[in-house]
There are 2 protein chains.
Amino acid sequence: MSSELTEPGTGPTGAAPTLSEVAKRAGVSSITVSRVVRMPDLVAPETRARVEQAMRDLGYIPNLVAGALASARTNSVGVLVPTIANSIFADTVQGLSDKLEPLGFSVILAQSRYDAAREDRMLAALLSRRPEAIIMVGSPATEDGSRLLRNARIPIVETWDLPANPIDAVAGFDNYKAGVAVAKHLVAQGRKQLAFIGGDDPRGTRRWFGFRDEASASGLAEPRRLILDRKDSGSVAAHARLPGVDAVFAANDAHAIGFMSGLRKAGLLRDGPASAQPVAVIGLGDLEMGQLISPTLSTISVHGDAIGRTAATLTLERGGERRIDLGFELVLRDSG
Amino acid sequence: MSSELTEPGTGPTGAAPTLSEVAKRAGVSSITVSRVVRMPDLVAPETRARVEQAMRDLGYIPNLVAGALASARTNSVGVLVPTIANSIFADTVQGLSDKLEPLGFSVILAQSRYDAAREDRMLAALLSRRPEAIIMVGSPATEDGSRLLRNARIPIVETWDLPANPIDAVAGFDNYKAGVAVAKHLVAQGRKQLAFIGGDDPRGTRRWFGFRDEASASGLAEPRRLILDRKDSGSVAAHARLPGVDAVFAANDAHAIGFMSGLRKAGLLRDGPASAQPVAVIGLGDLEMGQLISPTLSTISVHGDAIGRTAATLTLERGGERRIDLGFELVLRDSG
DNA sequence: TTCTTTCATGTTAGCGCTAACATTAGTCGA
DNA sequence: TCGACTAATGTTAGCGCTAACATGAAAGAA
């Protein structure tokens, strides 16, 4: 034996080296190599050193695919989000990764693009990789998807909402109450003509219901609801379609900022405090950006990363409380 | 004692059903079931129907872990990004997923958090899952990481930059030239005191070099460089640390908008066109938000999703051009 | 008819690893 | 002194699936 690099059968020559090749080189059985990788304390120091040297010599990288099949543990978690680009769900993915990766779990990421059929497909695709848990934003859109998850017999965490009949665990907040809180605030501010802009996904719709119900309960006319296409920063033009409105709840901050941009063009934005705004605007999400624009954006603050970290925890512990309400906070700044 | 396994037609009783259980129920051999799953055309229609019924009855979900071990194909791609939250890399992940998921590939996501040691660990973790390719933002920070990838013998795509000696394939743009373009523009506008704000990651640094070199070549004093912590929207306070500066290039739009927010507080922001701005600001990334604020943000536009889709393509095709420059575009609006 | 081809299905032998159970020395208390 | 234990390592038998080859029946081709 000579140098550490590029030996026959080593380096970038042929196929990746296997456990038993390392074992042969170190003069031990393969199970010993396996132990060095997974439970080094069980191996005598000298043997361990020999094996570690052999692994280095060969550039051995354990094959977790084989390990997973043999041990029935994949050390992976499936994550399903509607979309990751330009969305607050990225915070949730970040949060759960930060918790899971140091523990040796890998994140398998899939996107549904708010499409029920694709969601079902991605769910099946995820399950076929035998993850040890699934974390998803919201709940399955179809009964099929729901059954798939129920039958999977692994922890399932639904996030960003508090479904009445969760499959297993939940980490989210009450979207209905968020809508109520915004309406309450706007009513207290003396606003009369409310409107809601946002998508028609389940969570947005729940916000709308809370918003509408509270407005009606306060004796106001039923608010208008403008359903925007995702990625429709056409929220810029939304104002034109909402004549007479003096307060708007946008289902997310991006829409809120887009709407404010439309207001600015119409000369309906002041640099002063909320009371000076002809049209109050409240967002949801508390993007950092909201504090940087003028007027600063009032919003429902939600901790996307905390949702992710909590979901990760629920994934790891089977016992304990399985329904965690992380709440939200109405953060009042200058826009409304 | 007796059969502890899933009763025919029963719900989720025991362990997940296997290929051979489906085969038994359909009265065929397991390879036939395997064919129904993977190459249905090779199976006679009646047999296929019988097998499909059995799969439905048992709620069979193929085990891709076992399949991957047997076929030496995992149908997965490892993706390494510095961070996914609140970043334009999410666009890239979205782009590559959109291309890869319909083809049956899963995305295994890992984050380095701009930490070289963590990057190496995540690279090893990814490789141990035997992905069929790796797509990463930037290049490995260490020689170890680089060697790991070189020895992996799978397509490696480095993105968001155009490294001189790529490991394999590249999909990105020239960060140096982006800095040059911004400096050129500011000089042409008659700006004299330039400054650069941003992080000190490799790509940001390359932008800085281009910016600095071009400014010097134009006879200006060497620009100031302010290195900000990530997530430091302290860019708001950056202006105080840059007295006398009349033009700023921010390494990303978020910093640019934060900086503008600081300018606003200092009364140095006008609603008029670039020529009216006491301090010009140019960002990079072209976040949608940049068009919504006032003044609208001038920026270097980069197509993060196109980078992702291109990287996915490079992953699938081994032949052809392996170095794709997706370029950038200086988009001039009102901020500078 | 007899040979060849095609189609549909089956048999066999692993993929690279680990669980579960040996096995072999060495240690130790009474 | 001896069984009882511990520490270190090994043996065996798969995990659930697929590649590669084998088989048998039906349908032409000659």
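Quick caveat: nothing in here was measured; it's all calculated off a predicted structure. (Residues numbered from 1 in each chain as written. Chains lettered and ligands numbered in written order. Predicted model: local features only at pLDDT ≥ 70, side-chain atom pairs only at ≥ 80, totals over all residues. Heavy atoms only, no water.)

## Notes on the overall build of chain A
Broken down by element type, chain A carries 13 helices and 12 strands. In terms of overall dimensions, chain A is more spread out than a globule: its C-alpha atoms have a radius of gyration of 26 Å, far above the 20 Å expected for 336 residues. In terms of overall dimensions, chain A has a C-alpha envelope of 85 × 40 × 30 Å along the principal axes. Each of the 336 residues in chain A was classed as buried or not, and the buried ones make up 52%. Looking at chain A alone, contacts between residues at least 24 apart form 66% of all its contacts between residues at least 6 apart. Here chain A has roughly 14100 Å² of accessible surface; of this, 52% comes from carbon and sulfur atoms. The distance from the centre of the 38 positive side-chain charges to the centre of the 38 negative ones in chain A is 3 Å. (Helix = DSSP H or I, 4+ residues; strand = E, 2+ residues; numbered from the N terminus. Rg over C-alpha atoms; globule rule 2.2 N^0.38 Å. Buried < 20%, exposed > 50% of the residue type's maximum accessible area, 1.4 Å probe, protein only. Contact = heavy atoms within 4.5 Å. Areas by Shrake-Rupley, 256 points an atom, 1.4 Å probe, with all protein chains shown as cover. Lys, Arg positive; Asp, Glu negative; His and termini not counted. Charge placed at Lys NZ, Arg CZ, Asp CG, Glu CD.)

## Some details on the interface of chain A and chain B
Between chain A and chain B, the contact holds 59 residues from the first and 59 residues from the second. When the two sides are added together, the surface that chain A and chain B hide from each other amounts to roughly 5000 Å², 55% of it contributed by carbon and sulfur. It is Arg129(A), Arg130(A) and Leu292(A) in chain A that bury the most area against chain B; as a group they hold 14% of the surface buried on that side. For the pair chain A and chain B, the number of links is six salt bridges. The closest approach of N and O atoms between Glu101(B) and Arg118(A), which form a salt bridge, is 2.4 Å. Along the contact surface separating chain A from chain B lie 30 residue pairs in polar contact (both at pLDDT 80 or more). (Buried area = accessible area lost by both parts, 1.4 Å probe. Salt bridge = Lys/Arg side-chain N within 4 Å of Asp/Glu carboxyl O. Polar contact = N/O pair within 3.5 Å; in protein donor to acceptor, adjacent residues only side chain to side chain.)

## What about the pattern of salt bridges?
In this structure the tally under the stated criterion is 24 salt bridges over all chains. For the salt bridge of Asp57(A) with Arg25(A), the shortest nitrogen-to-oxygen distance reads 2.4 Å. Of the two residues, Asp57(A) sits in helix α3 (residues 45-58) while Arg25(A) sits in helix α1 (residues 19-26), which places them 32 residues apart along the sequence. With a relative accessible area of 10%, Asp57(A) lands in the buried category. Between Asp98(A) and Arg118(B) there is a salt bridge, and its shortest N-O distance comes to 3.5 Å. Here Asp98(A) is found in helix α5 (residues 89-100), whereas its partner Arg118(B) is found in helix α6 (residues 116-127) on a different chain. A relative accessible area of 23% means that Asp98(A) is categorised as partly exposed.

## Focus: the protein's contact with DNA strand C
Taken together, 21 residues lie around DNA strand C, and Leu19(A), Ser34(A), Tyr60(A), Thr32(B) and Thr47(B) are the ones closest in. Atoms of DNA strand C within 4 Å of the protein belong to the sugar or the phosphate in 67% of instances, the rest to bases. Arg38(A) is positioned such that a nitrogen or oxygen atom in its side chain is 3.1 Å from a phosphate oxygen of DNA strand C. At a separation of 2.8 Å, a base oxygen of DNA strand C approaches a polar side-chain atom of Arg35(B). Looking at the surface near DNA strand C, the elements with two or more residues in it are α2 (30-38) and α4 (64-71) of chain A together with α2 (30-38) and α4 (64-71) of chain B. Tallied by class, residues from the surface near DNA strand C come to 11 nonpolar, eight polar and two charged. (Near = heavy atom within 4 Å. Nonpolar A, V, L, I, M, F, W, Y, C, P; charged D, E, K, R; others polar.)

## Let's talk about the protein's contact with DNA strand D
Contacts to DNA strand D come from 21 residues, most closely from Thr32(A), Thr47(A), Leu19(B), Ser34(B) and Tyr60(B). Within the backbone of Ala44(A), one N or O atom sits 2.9 Å away from a phosphate oxygen of DNA strand D. A distance of 3.1 Å separates a phosphate oxygen of DNA strand D from a polar atom in the side chain of Arg38(B). Counting only elements with at least two residues in the surface near DNA strand D, the list comes to α2 and α4 of chain A together with α2 and α4 of chain B. Among the elements that line the surface near DNA strand D, the one with the most residues is α4(B), at four residues. Of the residues that constitute the surface near DNA strand D, the class distribution is 11 nonpolar, eight polar and two charged.

## Notes on helix α3 (residues 45-58) of chain B
Residue and element names in this part refer to chain B. The first and last C-alpha atoms of α3 sit 20 Å apart over 14 residues, in line with the 20 Å expected at 1.5 Å per residue. Of the positions making up α3, those classed as buried are Thr47, Val51, Ala54, Met55 and Leu58. Taken end-on, α3 shows its buried residues confined to a sector of 100°, consistent with a single buried face. Away from the buried face of α3 by more than 90 degrees, exposed residues Pro45, Glu46 and Arg56 are located. The positive-phi residue at the C-terminal boundary of α3 is glycine 59, with phi of around 65°. (Expected span 1.5 Å × (residues − 1). Arc of directions from axis to C-beta.)

## Let's talk about the pairing of strand β3 (residues 133-137) of chain B
Residues and elements named next belong to chain B. The element β3 is largely enclosed, with a buried count of five among its five residues. Of the two faces of β3, both are covered, the one formed by Ala133, Ile135 and Val137 as well as the one formed by Ile134 and Met136. With four bridges joining them, strand β1 (residues 76-81) and β3 adopt parallel strand pairing. Counted as the bridge partner of valine 79 is isoleucine 135 from β3. Where β3 meets strand β4 (residues 156-159), four bridges bridge the pair, whose relative direction is parallel. (Pairing = 2+ DSSP bridges.)

## Things to note about the packing of α2(B) against α3(B)
The packing of two helices is summarised by the inter-axis angle and the distance between the axes. Residue and element names in this part refer to chain B. The geometry of α2 relative to α3 is characterised by a closest axis approach of 10 Å and an angle of 90° between their N-to-C directions. Classified by the angle their axes make, α2 and α3 are roughly perpendicular. When α2 is examined against α3, the residues Thr32, Val33, Val36 and Val37 are found in contact with a partner set consisting of Thr47, Arg48, Val51, Glu52 and Met55. (Axes fitted to C-alpha atoms, helices over the stretch in contact; angles between N-to-C directions. Parallel < 35°, antiparallel > 145°, perpendicular 65-115°, else oblique.)

## Concerning the sheet that holds strand β1 (residues 76-81) of chain A
The mixed open sheet is built from 12 strands, whose spatial order is β11(A)-β5(A)-β4(A)-β3(A)-β1(A)-β2(A)-β2(B)-β1(B)-β3(B)-β4(B)-β5(B)-β11(B). Two strands bound the open sheet, and with one partner strand each, they are β11 (323-325) of chain A together with β11 (323-325) of chain B. Each adjacent strand pair in this sheet contributes to an overall mean axis angle of 20°, direction not counted. Judged from the six bridges that link them, β1(A) and strand β2 (residues 106-111) of chain A form a sheet pairing that is parallel. By the bridge assignment for β2(A), Gly78(A) is matched with Ile108(A).

## Considering the confidence of the model for chain A
In this model, chain A carries an average pLDDT of 91, and 93% of its residues clear a pLDDT of 70 or more. Within the model, pLDDT remains below 50 along residues 1-12 of chain A, and this stretch shows 10 contacts once partners closer than five positions in the same chain are excluded. (pLDDT = per-residue confidence, 0-100.)

## Structural notes on the packing of aromatic side chains
Residues and elements named next belong to chain A. Counted by the stated rule, this structure contains 14 aromatic pairs over all chains. Aromatic side chains tryptophan 160 and phenylalanine 173 sit 6.0 Å apart centroid to centroid with 70° between the ring planes, which places their arrangement in the edge-to-face category. In this pair, tryptophan 160 is assigned in the loop between β4 (156-159) and β5 (169-172) and phenylalanine 173 in the loop between β5 and α8 (175-188), connecting sequence segments 13 residues apart. Taking 5.5 Å as the distance between ring centres and 80° as the angle between the ring planes, the aromatic pair formed by phenylalanine 196 and phenylalanine 249 counts as edge-to-face. Highlighted residues: phenylalanine 196 in strand β6 (residues 194-198) and phenylalanine 249 in strand β8 (residues 247-250), separated in sequence by 53 residues. On the basis of relative accessibility, which here comes to 0%, the residue phenylalanine 196 falls in the buried class. Taken together, the ring pairs in this structure connect Phe89, Trp160, Phe173 and Phe328 into an aromatic cluster. (Phe/Tyr/Trp six-rings, centres within 6.5 Å; stacked < 30°, edge-to-face > 60°.)

## A word on the environment of Leu269(B)
Residues and elements named next belong to chain B. Its place among the elements puts leucine 269 in the loop between α11 (253-265) and β9 (280-284). For leucine 269, a relative accessible area of 16% gives the class buried. Placed 58 residues apart in sequence, leucine 269 and glycine 327 show a C-alpha to C-alpha distance of 30 Å. Once residues lying within four places of it in the same chain are set aside, the contact partners of leucine 269 are Met260, Leu263, Arg264, Gln277 and Pro295.

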